[in-house]
Structure formats: C-alpha cells, structure tokens
Amino acid sequence: MSKEAIVKRIHDLGILPVIAIEDAEKAVPLAKALCDGGLPAAEITFRTACAKEAIMKIRKELPDMLVGAGTVLTKQQVDEALEAGSEFIVTPGFNPEIVKYAIEKGAIIMPGTATPGEMEQAMTLGLDIVKFFPAEQNGGLAKLKAVSAPYSKLRFIPTGGINAANLTDYIKFPKIIACGGTWMVKKDLIDSENWAEITRLTEEAVRSMLGLEFAHMGINCESGEEALNAAKLLNTMFGFGYNDGNSSCFTAERKIELCKSPKPGKFGHIAIATNSVSRAAEFFKAKGYELLDESTIPSGMVYFKDEFMGFGVHLVRKK
C-alpha cells in the first residue's frame, strides 16, 4: 500500500488503538475485537518482547487490518517492525538518527514531537505527519493549535491522555488526521480476554468520533410552488417560520426540508449529520452498506444506495 493510501486510511479511521501485548497468542482475538467494533487498526508497541510476533500474527490472519509498530527506539526495532510487516512506524520522541534510518529503509515514520523545534526538524527531513506526545500532559489541544499555526502543511496524531471524554474535541481540529489511544484496549481487558468489552468500547469510541445525529427530514415536492405553500401552511398552523431557498424551503428550525424538485428517495430523505462524512462513509462501508455516489463526499454529503421505508438516507457534514 502506498504512503498516500495508508495516510488516507489512518485519517478515515480517525483513531489508532495503541496496544502493548504481552502474550502474542492474544494478538489475533484482540485484533478481531477491534475490527468487530469498527476499528480495523492497531499500533503494536515495542514495549514488550513479543511485539514483532504479535504484528506478524495479525498481518497473517487479518491482512486487511492496518497494523503499525509503536514505541520504536532503535534501528534493530525498525528492522524488526518492517520484517514483521508493519505498515507504519511511530516513535515516542524525535531521534534524528532513528528517523533518518527508517526513511532510508523506505518506512512510513511518524516521530513523536512536543515542541516547534522538533516539528521543524521533522519537516526538514521531508515529513508532513508527526505524533504529538504526550498530548494532554503537554498542553493538550490548546497548545497543539498554538504551536501548529505556523506549519500549514504539518498534520498530527496526538497521543497521550486522550479518551472518550475529549476525543471529539481533538478530532474536530482539521490538522489532526487521527488520535492515538489506549482506553478501549486497557491491559486488564486484554489480560482477562474480555474481547466483548473491547468491541463495545471500540464501537462507542468510533460513534463518539463520528458524532452521528439526526439533522433533518426532506419531503419531495413536485414544484417550487408546492414546496412554498407547504412551508407557509406549517408556519400558519404551528408558527414554525420558514426560509425560501433556491432548491428547497426549510421550516421547523431547518428540521424539515421541502424540496422543490424530487431528490433521491421515493417520498423524500432523512439527513444524518456527522463530524466527518469521509470517516462515516468508511465506517458504514466496512459494515456492508453501499453508497450511491462517493464523488459527493468531498462536498460534505453522500447518499446510501438503499432507501429506508421509501426515504433516501444521506450523511451530511455538521456545520
């Protein structure tokens, strides 16, 4: 997989579970639990002796899962990570010697940075993605926004202190391509082989990141006159007010859209708002749902192929 494809996949997943595995035999069931929760990705840290073996097992049994190596500190670990099939390498700090060695080996490396000086060193070596670590202990999102301001082309993977409570705040910042975290893969859950709880926490994290919520319902009308008359009637009856737009009339605080010409869906459509249309699209595709036209995703909207009770359903980016 090319660097561009791997970076896109990291972005679309949005979360990188950071895992320290002490028993390689638990690697595959753990990986399956993450996949079942909608997060087919893992950063296996070299904090344990079986990291290489764990990566190899996952790559063999789940070849479609995105797997990288974390806490890489030495040239030997770089070699072991690549031999195991790691698709990317993450370091906790910025060691120019290790970063250069990994680049020479053709690896995709995202070194840890905490200061503008380290970020500039990474950029000097041609890198455009770095880890921000430890995120919360190093000033959190506020500091990341401040120090990243001069570096328009640099993107970040903050890790350290990120959890279900602050994930959404981080992921909304455009310069963040994903967040690293351990809260869904805690040691006690792995030790007790509580795969069901890991799956539950993973799906909870993904849905929190996506921020899915009802946006509005659209009703197909045959003409602009019909749509406007319907909007006026709802205003007369209920005092909802309305806005007459070019292609639709909105009423009920924009919860009802009266379309001046039919849009996808026999009767109309249901709009579901999300923090990221591209991430939500990948999440639903992985669950087997088909999309109507993926070319509309960059504009912040995409329809599902199938209707729901005669209504089309589309994702729309939150404003």
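Reading the values: rules and limits
Counting starts from 1 at the beginning of each chain's written sequence and moves along it residue by residue. Note on the predicted model: pLDDT of at least 70 is required for a residue's local features to be given, and 80 or more for side-chain atom pairs to be given and counted; whole-chain, interface and lining totals, by contrast, use all residues. As a convention, hydrogens and water are excluded, and side-chain values are obtained from all of the structure's heavy atoms. Counting from the N terminus, the helices are the DSSP runs of H or I reaching at least four residues and the strands are the DSSP runs of E reaching at least two. Each accessible area value is a Shrake-Rupley result obtained with a 1.4 Å probe; residue values ignore everything except the protein chains displayed when judging cover. We count Lys and Arg on the positive side and Asp and Glu on the negative side, and we leave His and both chain ends out. Note that the charge is assigned to NZ on lysines, CZ on arginines, CG on aspartates and CD on glutamates. Following DSSP output, two strands are said to pair if at least two bridges run between them. Helix axes are fitted only over the stretch in contact, all axes being lines through C-alpha atoms; the angle between N-to-C directions runs from 0 to 180 degrees. What makes two residues a contact is simply this: any of their non-hydrogen atoms within 4.5 Å. Under the pairing criterion, centres of Phe, Tyr and Trp rings, with the six-membered ring standing for Trp, must be within 6.5 Å; the plane angle then separates stacked pairs below 30 degrees from edge-to-face pairs above 60, leaving the rest tilted. Type-normalised accessible area, obtained with a 1.4 Å probe on protein chains alone, sets the label of each residue: buried when under 20%, exposed when over 50%, and partly exposed for intermediate values. Sitting over a ring, as applied to charges here, requires NZ of Lys or CZ of Arg to be within 6 Å of the ring centre and within 35 degrees of the ring normal. Any carboxyl oxygen of Asp or Glu within 4 Å of a side-chain nitrogen of Lys or Arg constitutes a salt bridge here. What makes a nonpolar core is a set of buried Ala, Val, Leu, Ile, Met, Phe, Trp, Tyr and Cys residues whose side-chain atoms join them at distances within 4.5 Å. Under the convention used throughout, the expected extent of a helix is 1.5 Å for every residue step, that is, one less than its residue count. As used here, the arc is the angular range of directions from the helix axis to the C-beta atoms.

A. Focus on the overall build of the chain. Scanning the chain from terminus to terminus reveals 12 helices and 16 strands. In terms of its C-alpha atoms, the chain occupies a principal-axis envelope of roughly 70 × 45 × 30 Å. Summing over all exposed atoms, the chain offers an accessible surface of approximately 15000 Å²; the carbon and sulfur share of this is 53%. Mean positive and mean negative side-chain charge positions of the chain (37 and 40 charges, respectively) differ by 4 Å.

B. View of the sheet that holds strand β13 (residues 256-259). The mixed open sheet is built from seven strands, whose spatial order is β11-β12-β13-β10-β14-β16-β15. Both outer strands of the open sheet, β11 (242-244) and β15 (301-303), are each paired with one neighbouring strand and no more. With direction set aside, neighbouring strand axes in the sheet form an average angle of 20°. The pairing of strand β14 (residues 268-274) with strand β16 (residues 311-317) spans seven bridges and is parallel. For alanine 273, the partnering residue across the bridge sits in β16 and is valine 316. Strand contacts of helix α12 (residues 277-286): β14, β15 and β16, with the helix running at about 135° to β16, the strand carrying the most contacts.

C. Highlighting the packing of aromatic side chains. With the rule as written, the count across this model stands at six aromatic pairs. Between the aromatic rings of phenylalanine 284 and phenylalanine 304, the centroid separation amounts to 5.3 Å while the plane-to-plane angle is 90°, which identifies the pairing as edge-to-face. Within this pair, whereas phenylalanine 284 is found in helix α12, its partner phenylalanine 304 is found in the loop between β15 and β16, the two being separated by 20 residues in sequence. Comparing phenylalanine 284 with phenylalanine 304, the two get one shared label, buried. An aromatic cluster of at least three residues, connected via ring pairs, comprises Phe283, Phe284, Tyr289 and Phe304. Directly above the aromatic system of phenylalanine 133 lies the positively charged group of lysine 131, at a separation of 4.4 Å from the ring centroid.

D. Local environment of unusual backbone geometry. Of the consecutive residues phenylalanine 133 and proline 134, the connecting peptide bond is found in the cis state with omega at -10°. Topologically, proline 134 is positioned in the loop between β7 (129-132) and α7 (140-148). In this structure, glutamate 193 is a non-glycine residue whose phi angle is positive, near 55°. Looking at where glutamate 193 falls in the secondary structure, it is placed in the loop between α9 (187-191) and α10 (195-210). The phi dihedral of alanine 252 falls on the positive side, at around 55°, and the residue is not glycine. Among the structural elements, alanine 252 can be located in the loop between β12 (248-251) and β13. What makes alanine 252 buried here is its relative accessible area of 17%.

E. Up close: the pattern of salt bridges. By the definition in use, this model includes 18 salt bridges. Linking glutamate 282 and lysine 285 is a salt bridge whose minimum nitrogen-to-oxygen distance equals 3.2 Å. Taken together, the positions of glutamate 282 and lysine 285, both in helix α12 and three residues apart, correspond to about one turn of that helix. Residue class for glutamate 282 comes out partly exposed when judged on its relative accessible area of 28%. A residue is classified by how much of its surface remains accessible, and lysine 285, at 31% relative accessible area, is partly exposed. The partner of lysine 305 in a salt bridge is glutamate 290, with the nearest N and O atoms 3.7 Å apart.

F. Quick peek at the environment of glycine 241. Within the element layout of this structure, glycine 241 appears in the loop between α11 (224-238) and β11. Relative accessible area serves as the criterion here: at 24%, glycine 241 is assigned to the partly exposed category. Aside from chain neighbours lying at most four places away, what touches glycine 241 is Asn235, Phe250, Thr251 and Ala252.

G. Up close: the nonpolar core. By size, the foremost hydrophobic cluster in this structure holds 93 residues, and its most contacted members are Ile10, Ile19, Ile44 and Ile198. If you tally residues by element for this core, the top one is α10, at seven residues. Leaving out residues up to four positions away in the same chain, isoleucine 19 has contacts with Leu30, Leu34, Ala42, Glu43, Ile44, Thr45, Val185 and Ile190. Within the second largest apolar cluster, five residues are counted, among which are Ala227, Ala231, Cys249 and Leu258.

H. Expanded view of α11. With 15 residues, α11 extends 21 Å between its outermost C-alpha atoms, agreeing within 8% with the 21 Å of an ideal straight helix rising 1.5 Å per residue. Listed as buried for α11 are Ala227, Ala231 and Leu234. Angularly, the buried residues of α11 cover 60° about the axis, an arc narrow enough to put them on a single face. Exposed residues pointing more than 90 degrees away from the buried face of α11 are listed as Glu225, Thr236 and Met237.

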